Amino acid sequence: MKIIWITWPQAAGKWEIVNYLVEKKGFAYYSVRGFLTKEIEKRWLPLDRDSMREVANDLRAKHEPSYIVDQLFIEAKQNWKDAIIESIRAIWEVESLKKNSDFIFLAVNADQKLRYERALARKSESDFVSFEKFQEQEALENNNTDPSKQNILACIKLADYIVNNDGDLENLHKQLNTIIESL
């Protein structure tokens, strides 16, 4: 059983990786966003990127820094099937998982302007912001010194594998196949 965790900055192409592993390689899929969406709905908050960050940080502070990923990891292990789980957002999550379990930590990245264009193209409510707001949100998610809060850039640096998604889907799939074959 392989469990792959994934991290990425917004609109880097995580969905392409998830879809490929689920549809072509038979992986089960687990989502931090899905986990957080349920919690946001319980709290009657707007379903946007700011609420996602606030609720995730709140859950980490109330329980433990790796609470969300620990819950998803438990669920995936009980399934006994190869799994892709998204997403790792905090350094503490990476460190906690690396101490307690075998998994592969994958990061995907792409040029910031390309990611912004992709975000707009998917027409999600939480993504429809100016480029300046996009950059501001990203800065908030990349510059935390508290290891229990989001720092995607630091997480990317801790990844076992980094996939560059500036190219086409064929290139992305080649990179994924190389990684899967090496496991």
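First, a word on scope: everything that follows refers to the structure included in this document.

How each quantity is defined
- Residues numbered from 1 in each chain as written.
- Predicted model: local features only at pLDDT ≥ 70, side-chain atom pairs only at ≥ 80, totals over all residues.
- Heavy atoms only, no water.
- Helix = DSSP H or I, 4+ residues; strand = E, 2+ residues; numbered from the N terminus.
- Rg over C-alpha atoms; globule rule 2.2 N^0.38 Å.
- Buried < 20%, exposed > 50% of the residue type's maximum accessible area, 1.4 Å probe, protein only.
- Contact = heavy atoms within 4.5 Å.
- Pairing = 2+ DSSP bridges.
- Axes fitted to C-alpha atoms, helices over the stretch in contact; angles between N-to-C directions.
- Salt bridge = Lys/Arg side-chain N within 4 Å of Asp/Glu carboxyl O.
- Polar contact = N/O pair within 3.5 Å; in protein donor to acceptor, adjacent residues only side chain to side chain.
- Core = buried A, V, L, I, M, F, W, Y, C linked by side-chain atoms within 4.5 Å.

Our focus in this paragraph is the overall build of the chain. Helix and strand counts for the chain stand at 9 helices and 5 strands. In the chain, the succession of α and β elements from N to C terminus is β-α-β-α-α-α-β-α-β-α-α-α-β-α. Relative to its length of 183 residues, the chain is compact, with a C-alpha radius of gyration of 16 Å against a globular reference of 16 Å. The dimensions of the chain, computed from C-alpha atoms along their principal axes, are 40 × 35 × 30 Å.

The subject of this paragraph is the side chain of Q137. Its place among the elements puts Q137 in helix α7 (residues 131-142). Among the residues examined, Q137 registers a relative accessible area of 3% and is labelled buried. Residue contacts for Q137: discarding those within four places in its chain leaves Q10, R49, D50 and V129.

With parallel pairing, the 5 strands of this open sheet are ordered in space as β2-β3-β1-β4-β5. For this open sheet the edge positions go to β2 (28-31) and β5 (161-164), each flanked by a neighbour on one side alone. Strand after strand, the sheet turns through a mean of 25° between neighbouring axes, direction not considered. In this structure, strand β4 (residues 104-109) lies alongside β5, joined through 4 bridges in parallel fashion. Of the residues in β5, the one forming a bridge with V108 is V163.

Now for unusual backbone geometry. The peptide bond linking E86 to S87 adopts the cis configuration, its omega dihedral lying at 15°. Residue placement: S87 occurs in the loop between β3 (83-86) and α5 (91-100). We note that A11 has phi near 65°; this positive angle belongs to a residue other than glycine. Here A11 lies in the loop between β1 (3-7) and α1 (14-25). Although it is not a glycine, W44 sits at a positive phi angle of roughly 55°. Considering the arrangement of structural elements, one finds W44 in the loop between α2 (32-42) and α3 (49-62).

As a further point, take the pattern of salt bridges. If you walk through the whole model with that rule in mind, you get 12 salt bridges. The partner of K2 in a salt bridge is D82, and the shortest N-O contact between them spans 3.4 Å. You can see K2 sitting in the segment before β1 and its partner D82 sitting in the loop between α4 (67-79) and β3, a full 80 residues away along the chain. With its nearest N and O atoms 3.6 Å apart, the salt bridge here joins E86 to K14. Of this pair, E86 sits in strand β3 while K14 is found in helix α1, placing the two residues 72 residues apart along the sequence. When its relative accessible area of 5% is taken as the criterion, K14 is described as buried. In this structure, a network of salt bridges that share partners links the residues E39, K42, R43, D58 and K62.

So, on to the environment of I74. Mapped onto the elements, I74 comes out in helix α4. By relative accessible area, I74 is classed as partly exposed at 42%.

It is worth spelling out α2 at this point. Here α2 has its buried residues at V32, L36, T37, E39 and I40. For α2, the secondary structure elements touched by its buried residues are β2, α3, α4 and β3. The opening residue of α2 is S31, an N-cap whose side-chain oxygen sits 3.1 Å from the backbone nitrogen of R33.

As a further point, take the nonpolar core. Membership of the largest hydrophobic core comes to 29 residues, with the highest contact counts inside it found for I3, W5, L36, I68, I88 and F105. Considering each element in turn, this core owes the most residues, 6 residues, to α4. Formed by 18 residues, the second largest nonpolar core is a distinct cluster that contains I17, I104, L172 and I179.

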